[in-house]
Amino acid sequence: MTLRRLLKSLVIPVFLLVGLHASAQETILVSGKVSDSKDGSPLVGVSINVKGTTTGTTSDATGKFSLKAKPGATIVFTYVGFVNHEVVVSTPEMNVALTAVQSSLNEVVVIGYGTARKKDLTGAVANVTSKDFQKGNITTPEQLIAGKVAGVSIISNSGRPGAGSTIRIRGGSSLVASNDPLIVVDGVPLDYNGISGAANPLSFINSNDIESFTVLKDASAAAIYGSRANNGVIIITTKKGKGGALRFTFNTNNSVSQLFNKVDVLSSSEVKSLVNQYGSPKQMSQLGNSNTDWQDQIYQTGFGTDNNLTMMGGLKNLPYRLTVGYMNQTGVLKTDNLQKTSVSLALNPTFLDNHLKVDLNLKGSAQNTRFADEGAIGTAVGFDPTQPIYSNDKRYGGYFEWREADGSLIQNRANNPLGMLEQRWDEQNPKRLISNLQLDYKFHFLPELRANMNAALDYSNSEGHVYVPDSAASNYTSGGLYRQSKQEKKNSVFDFYLNYAKDIKSINSRVDVTAGYSYNNFWTKNYFYRDLNAKHDTIAGTKNVNFPYDIPENTLMSYWARLIYNYGSRYFLTASLRRDGSSRFSKENRWGTFPSLGLAWSIKNEDFMKSNKTFSELKLRLGYGLTGQQDGIGNYDYLSRYGLGAQTAAYQMGSQYVTYYGPFGFNSNLKWEELTSYNAAIDFGFLNNRINGSIDFYLRKSQDLLNNVPQAAATNFSSYVLANVGSLENKGVEFTLNTNPVRNTNFNLNVNFNVAYNDNQITKLNYNPNDPTGLPTGTAAAVNGFVQIHQVGYSRNTFYMYQQIYDENGKPIEGLFEDRNRDGILNDKDKNYVHSAVADWIGGFNADFTYKKWSGGFVMRGSLNNYVYNNVFANRGRLNNVTGAYIIGNASSNYLTTQFKGENDKQTLSDYYLENASFLRMDNIFAGYNFGKVLRDAATLRLNASVQNVFVITKYQGLDPEIANGIDQNIYPRPTVFSLAINLDF
């Protein structure tokens, strides 16, 4: 369904919702004030509705409200972070005090396939609601909780709008299979393999629509998702309609993105000096008279706007919420732009005297993106600063390019960085629709028994093209480029379960039992690129070109059950069992069983602790579980199959080139990874939970790790094949502390802190016992090979490098390394396993306050002992970067420190380029003001100003210390973003 058709399909329901809105006859005017039960401070924006009617309102800046209702009617008060409260109308005066959920153990938390009371939880589960989200220009949802959850690392992949993040929960548990957590949105498990034409699959979800995140960190909580839960689970719940009178919310967030840091390179005068001293006569003649900062030429100030209009209300038993959003974000790299239009609709009616609940969720999004050529970033670092930007010769679009005396382009040259951006149109138009219908029926004859059915479809399609004119130097000899691309994906979900929950007072127990079935089918139609000659093939004539394509498909089928048992609110048990079958594996290895067990003891509820005034909460938790991994695995890697070859390997038949099918490598013994997880924790609270937190200890053991391993020559149709090769272990501790040090009528302050330690170690690699060197990984542009390795006894992605030798002044000596085995030969046997890209410690620190109508706060994140290979220094810090080629280049200023000439091919594998990239980043700081009622009391106005990426404290000498894979290769820099948000409720 296209976005246009989706919008058309929503027009009639929207007008019906508005047109049919009618108020019931009221008899008295009820007014009062809503406050916090702890300190009496007013609560602003509380949703207040007359139950069973369309009548509703919200509290103003002083917590006051008024609405009409009949005596005997029930008024429902709803506010994020507080327990819902109901009051029967008896008098015109009504003052209500709401209780914060942090002090209520009856708070309901979303878990896999349903919900559970917070006090019944036995696993490591973290919940972050919208009131605690990060503020500012948020283009992808996961950034909302960065630094908020202990043990969860969220690293922005780049500064590109919508680029997304690398998310790791308690360290990575795989080598080459996916380390990404399972993302579930309103009961729909997402395919995280990416969508063609989109920088990040999560960028299609409007952050404004999200109500909460629930993170299932340990296997006792996540095993209900079985073979997809090795890396944890993140459950995203979107906002729903709450009924009541028709009301609107409009918010707009406008931002400016500024780049304050660039790669430090040699100046024009320094390049001239080196060329005159070391260059050839030909190079000396090439020197120009300009002083061009090529990085200044490719970067710009980025602007962005994010606007959302929400309509919500209710028609009797039909609450609804409709949001239309538009985002336009310009990147700091020239020609980079993301435009996104989104529509979301939530209908939540109830029928049969509230026995049947219906949740219909539609989330549609369309993007129009122009991707800048990120290759210009590295080219700008290395391009000759003595040359001008433009040339008098218009042959190559008017840009300066390296040419021979006859005007032809020099072979193996670097192209003009600005021309690379402005002469390339990489335009993509992906669309996505996530929809689900969930029916929850409470049986009339047995109301403790519920039947739940969820049917969902996650559908996306993408079309785009890359156009480079024949005047561009990059494609001049080929007559330009016109490349078309297409993709279509469908993720179908069907879940059904029965749930029985009952308090059995005779035995002082509560039983919550769930059993169900799940079906998930993934279908993709991958169209192969079509490259056309932009000079000889008209664009209009390529619209309906036939694409060759492949249609991979896989299916996951599951049966599962769970028991949550509570005895006397003191002893708790959670047990689950899931049986998964995946078409990605052979019949012998297709099915897996994933059990879990969690136990908890609420010491605070014991008789000997009830009178204790020190603790308001004290609970011990133990957990065990087994989960699996089948994401990141090819659909048919277990059997011999054929695939269509690339066009570059086509055979010429007459005047046409024909692609061919060939066999792929296979492994009939392939099976999924498995992870066994243990968790022990203590939850605590003091001063009525104004100080609360938890300490979690965990051990995670992965086995049957997947990795691409080499094959003997002339076997298996491939030099590498995917196989189960070993095991890995993560162990660590997490500490979370939440405090509310000040709480009174005018001022409220919350200060929260979390820190996590993780030790990651490979314990077994059995693909080739006779090869002690491990499995190489981690390529870098400066190196003809690998800079990292997977090896037993070390962390994954451990750096494997030569040990640099220094002179008496501490200066590195080029080409001189430690001969570790003292055999007189420098080879791979002398490399050293040194440090890892995986941090030992990560943490977050955030605070927020309200003072009368003011609010503010900040979020900080930190990391310790994450090491980064500075590929910019290694690749650009040598004399031959300037004079080592036919044309002049530029070098990193690191050359002035090392004086390396670049004549030793092993120098780039020196641990000199490996740096400790520990950092402390001020992620976000914000301040807001609530103006209260405006426009003759017709609306409520709030302003919020924020700054993102405020500063970074680090010893790392590169552009940014936060590199997910530990290899710094000219990343798209993360800008500092200044935002101003306006929120209007009416």
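Caption draft 1: Quick look at the overall build of the protein. For the protein, the count of helices and strands is 10 helices and 54 strands. In the protein, which comprises 986 residues, the share counted as buried stands at 55%. Here the contacts in the protein between residues at least 6 apart in sequence split such that 70% fall between residues at least 24 apart. Accessible area for the protein stands at about 41900 Å²; split by element, carbon and sulfur atoms hold 54% of it.

Caption draft 2: Layout of unusual backbone geometry. Despite not being glycine, D704 shows a phi value in the positive range, around 55°. With respect to the helices and strands, the residue D704 is situated in strand β38 (residues 691-710). Unusually for a residue other than glycine, L935 sits at a positive phi of about 55°. Locating L935 in the fold gives a position in the loop between β51 (919-934) and β52 (939-954). Of the residues examined, L935 reaches a relative accessible area of 60% and is grouped as exposed.

Caption draft 3: Structural view of the sheet that holds strand β43 (residues 798-801). If you trace the four strands from one edge of the open sheet to the other, you get β41-β42-β43-β46, paired in antiparallel fashion. The two strands at the open ends of the sheet, each matched to only one other strand, are β41 (775-779) and β46 (832-836). Recorded for the sheet is a direction-independent mean angle of 45° between the axes of neighbouring strands. With two bridges joining them, strand β42 (residues 786-790) and β43 adopt antiparallel strand pairing. The residue bridging I789 from the neighbouring strand is T798, located in β43.

Caption draft 4: Broad picture of the pattern of salt bridges. All chains considered together, the criterion is met by 35 salt bridges. With a closest N to O distance of 3.8 Å, R170 and D696 form a salt bridge. Of this pair, R170 sits in the loop between β12 (165-169) and β13 (182-185) while D696 sits in strand β38, placing them 526 residues apart in sequence. Just as R170 is buried, D696 falls in that class too. Of the charged contacts in the structure, one is a salt bridge between R510 and D503, with a shortest N-O distance of 3.3 Å. Its relative accessible area of 18% is what places R510 among the buried residues. D503 sits in the partly exposed class, given a relative accessible area of 42%. Connected through salt bridges with shared partners, the residues R170, K217, R621, D683, D696 and E734 form a single ionic network.

Caption draft 5: Quick look at the side chain of R562. Structurally, the position occupied by R562 is in strand β29 (residues 553-567). Although R562 lies buried, it forms no salt bridge, and the closest oppositely charged side chain, D512, sits 6.1 Å away as judged by the N-O distance. Among the polar contacts made by the side chain of R562, one reaches the main-chain carbonyl oxygen of Y113 at a distance of 3.1 Å. Setting aside residues up to four positions removed in sequence, R562 forms contacts with I111, G112, Y113, I224, D512, V513, T514, T574, A575 and S576.

Caption draft 6: Structural view of the confidence of the model for the protein. When pLDDT is averaged across the protein, the result is 87; 90% of the residues are at 70 or more. For the stretch residues 6-25, pLDDT sits under 50, and the model shows 27 contacts to residues farther than four places along the chain or on other chains. Confidence over residues 536-543 falls short of pLDDT 50; this stretch has eight contacts with residues more than four positions distant or in other chains.

Caption draft 7: Main features of the packing of aromatic side chains. The full count for this structure, using the stated rule, is 38 aromatic pairs. Centre to centre, the rings of Y396 and Y476 are 4.9 Å apart; their planes meet at 70°, and the pair counts as edge-to-face. Of this pair, Y396 sits in the loop between α6 (375-382) and α7 (417-422) while Y476 sits in the loop between β24 (449-468) and β25 (481-504), placing them 80 residues apart in sequence. According to the relative accessible area criterion, Y396 is buried, its value standing at 2%. For Y476, a relative accessible area of 34% gives the class partly exposed. Residues F400 and W402 carry aromatic rings whose centres are separated by 5.3 Å and whose planes lie at 75° to one another, so their mutual orientation is edge-to-face. Grouping aromatic residues by their ring pairs yields a cluster made of F615, F684, F686, F735 and F753. Note that K135 overlies the ring of F926, its terminal NZ or CZ placed 4.7 Å from the centroid. Sitting over the face of the ring of F919, R921 holds its NZ or CZ atom 5.7 Å from the ring centroid.

Rules used throughout
- Residues numbered from 1 in each chain as written.
- Predicted model: local features only at pLDDT ≥ 70, side-chain atom pairs only at ≥ 80, totals over all residues.
- Heavy atoms only, no water.
- Helix = DSSP H or I, 4+ residues; strand = E, 2+ residues; numbered from the N terminus.
- Buried < 20%, exposed > 50% of the residue type's maximum accessible area, 1.4 Å probe, protein only.
- Contact = heavy atoms within 4.5 Å.
- Areas by Shrake-Rupley, 256 points an atom, 1.4 Å probe, with all protein chains shown as cover.
- Pairing = 2+ DSSP bridges.
- Axes fitted to C-alpha atoms, helices over the stretch in contact; angles between N-to-C directions.
- Salt bridge = Lys/Arg side-chain N within 4 Å of Asp/Glu carboxyl O.
- Lys, Arg positive; Asp, Glu negative; His and termini not counted.
- Polar contact = N/O pair within 3.5 Å; in protein donor to acceptor, adjacent residues only side chain to side chain.
- pLDDT = per-residue confidence, 0-100.
- Phe/Tyr/Trp six-rings, centres within 6.5 Å; stacked < 30°, edge-to-face > 60°.
- Lys NZ or Arg CZ within 6 Å of the ring centre and 35° of its normal.

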